[in-house]
Amino acid sequence: MAETRKPPVFSPKTLYQLSASAIANKFRFMRRYLTDLPNEMLFDIYHQLYKEKRLCRLGIDFSNLEIFSKMLTVTSRRTGLLQICQALIDHGIQIVEELAMSYCLQAREDVDNPEKVINLGLRIGGFFSDGGWYAKSEQVLLACKELCLAHNDNWCRTLECYRKLLHVQAAYCVFSQAAETYQLAVDLLTQIKEAGYKYYNCAATYTEFSILFYMKSEYDEAYRWSIKALKELNHTLSARVIIDVLRQAAKSCILKREFQRAGLLIREAVHHAREVFGTNHPVYSNVLTDYGFYWLNFDNIINSVNLYKEALAIKIKIFGRMNLHVALAHEDLAYALYVYEYRSGEFPEASVHIQRAIAIMLNLLHADHLLLASAKRINALILEEIALDSTSTPLSKQNLLFKAECLHLSALQSAREAFGEINVQTAKHYGNLGRVYQSMRKCKEAEAMHLKAIRIKEELLGPHDHEVGLSIGHLASLYNYHMNRYRDAEKLYHRSIKISLKLFGKSYSGLEYDYHGLLYVYMKLNEYEKILEYESILSNWKMLRDKHVESEEPPIDPKGRPQPIRNVIKTFFSM
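Residues numbered from 1 in each chain as written. Predicted model: local features only at pLDDT ≥ 70, side-chain atom pairs only at ≥ 80, totals over all residues. Heavy atoms only, no water.

If you look the chain up in an unreviewed UniProt entry, it shows as Amyloid protein-binding protein 2 from Habropoda laboriosa.

Listed below in structure tokens is the structure:
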């Protein structure tokens, strides 16, 4: 029997939609009559121009500060406004630059109503930050800050300006400026409390403090501020603030290896974001990114990859392909894919995504920017593994390893300039160089780099942290496979295994490399009883790992609903 198809459902346009379309078609003639329309109606007319690709006409109006300020008040259409602005930028219209310049000029003039101009600056600066246009966001917020200080009758509004400015400076990795803003915010908070502002909630501000220290890899301080933010959290705060506090606290817990607590917070952030903003919103995409980070660290790489892919798809839908948020999403996905594809030795997807990330960043950032250095580091890791593939020719291998070395050296220099010598990121770059030098058979140089990495990580994180375990495992591999120091390797493998078992349990994926390393050690030392022992341990690990993988569930429960925030906080602090 032939398959029957249902006729397509015809959904006629509403009278409102037809009216908006008709006005857009006659926009040049009707524009002067539209100024008194409600802002929501005016936005819909502009959105119709966007859908019809009439970007030059749209760019003229949106570069007008007065018109754009009206569009910012239509908060229910924020995603649409981001899409329009990115489309104008892609079309070559410098809307962000023109608006920032217009605002700064207005802020420097003798304004009759400074409060109105300050509020406008906060809205524009926050919007530019949401769009990833950080340099211009900072420019606007700095002008807004000067206006706040000149008319400092409202301390809470000034603190909001500091908070938004700090967020931009931390995200854009301008840490010297961020340190100044941080201190201003801390001092003002002290003034507010001493003045007796009993009902001012500090959750959002404390979260920005945590983000700054997180970006600087100062994990103890990031954790401390995130806990203070959680203690301030309550249901009267906006959904955006609640979600941001939850996701930042979750990331801080991940770095402290408090996975149960982190899981509670990030799942609640997912449920809140989906219910309040929907699944095609930047806020939801950001939460998915952090949830992917959780699974990446919690040893479920496939969940991490899938969440990063979903987050990237949402960002591309909103921002297109030439946006900093999209570049960072490509980078996150590239690293997760690198970890996922590591066992195969082939990195087709990871290579594609890291190259896209770098191409976007080279277009948007200066060549020495710290964000670009991070992407180059991941590219170097991938190039190194490709070089070690058995099909690589000696010349190709040499060229790839040299390129990886140069990228790691560049990233190390950037990290030392930004963070100093004693920093987790600097230590990671030393460890990466150690691995490259091992691949290049420069064993003394490799050993020196690994020892530096271990020393710095132990000083900052303690002797039992996962990062320390990784570096110990890499040094063990060097001693084992290239320097014939089998007893030294044996001790390091046992120490790495102890750390992994304590943090992740017997089914942890990283144990495989340490067990194989010990088997190689005992084969070289002809210790047959140990060989049999670790063959049995490795076989048992494979069985546990298979059961672990089979028991894994999809990360997001489609029926999950957010809990009352007071219940979440109570559960968190009872763990």
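Caption draft 1: View of the pattern of salt bridges. Evaluated as defined, the whole model comprises 29 salt bridges. With a shortest N-O distance of 2.6 Å, K256 and D220 are connected by a salt bridge. Taken as a pair, K256 in the loop between α14 (239-255) and α15 (259-277) and D220 in helix α13 (residues 219-232) lie far apart in primary sequence, 36 residues in all. On the basis of relative accessible area, D220 is assigned to the partly exposed category, the value being 47%. What you see here is one network of salt bridges that share partners, running through R78, D130, R240, D244, R247, K251 and D290. (Salt bridge = Lys/Arg side-chain N within 4 Å of Asp/Glu carboxyl O. Helix = DSSP H or I, 4+ residues; strand = E, 2+ residues; numbered from the N terminus. Buried < 20%, exposed > 50% of the residue type's maximum accessible area, 1.4 Å probe, protein only.)

Caption draft 2: Focus on helix α22 (residues 424-439). Taking 1.5 Å per residue, 16 residues should reach 22 Å; α22 reaches 23 Å between its end C-alpha atoms and fits that length. Judged by how many residues are buried, α22 sits mostly within the fold: 15 of 16 residues are covered. For α22, the N-terminal cap is N423; the gap from its side-chain oxygen to the backbone nitrogen of Q425 is 2.8 Å. (Expected span 1.5 Å × (residues − 1). Polar contact = N/O pair within 3.5 Å; in protein donor to acceptor, adjacent residues only side chain to side chain.)

Caption draft 3: Seen up close, the environment of Y172. Here Y172 lies in the loop between α10 (155-171) and α11 (175-194). With 286 residues separating them along the chain, Y172 and E458 place their C-alpha atoms 28 Å apart. Every residue in contact with Y172, bar those within four places of it in the chain, is listed here: Y134, A135, L324, L365 and H369. (Contact = heavy atoms within 4.5 Å.)

Caption draft 4: Geometry of a nonpolar patch on the surface. On the surface, F29, M30 and Y33 cluster together into a nonpolar patch covering about 350 Å² of accessible area. Along the chain, Y33 falls in the loop between α2 (27-30) and α3 (39-51). (Patch = residues over 30% accessible without salt bridge, like charges linked within 9 Å, V, L, I, M, F, W, Y side chains within 5 Å. Areas by Shrake-Rupley, 256 points an atom, 1.4 Å probe, with all protein chains shown as cover.)

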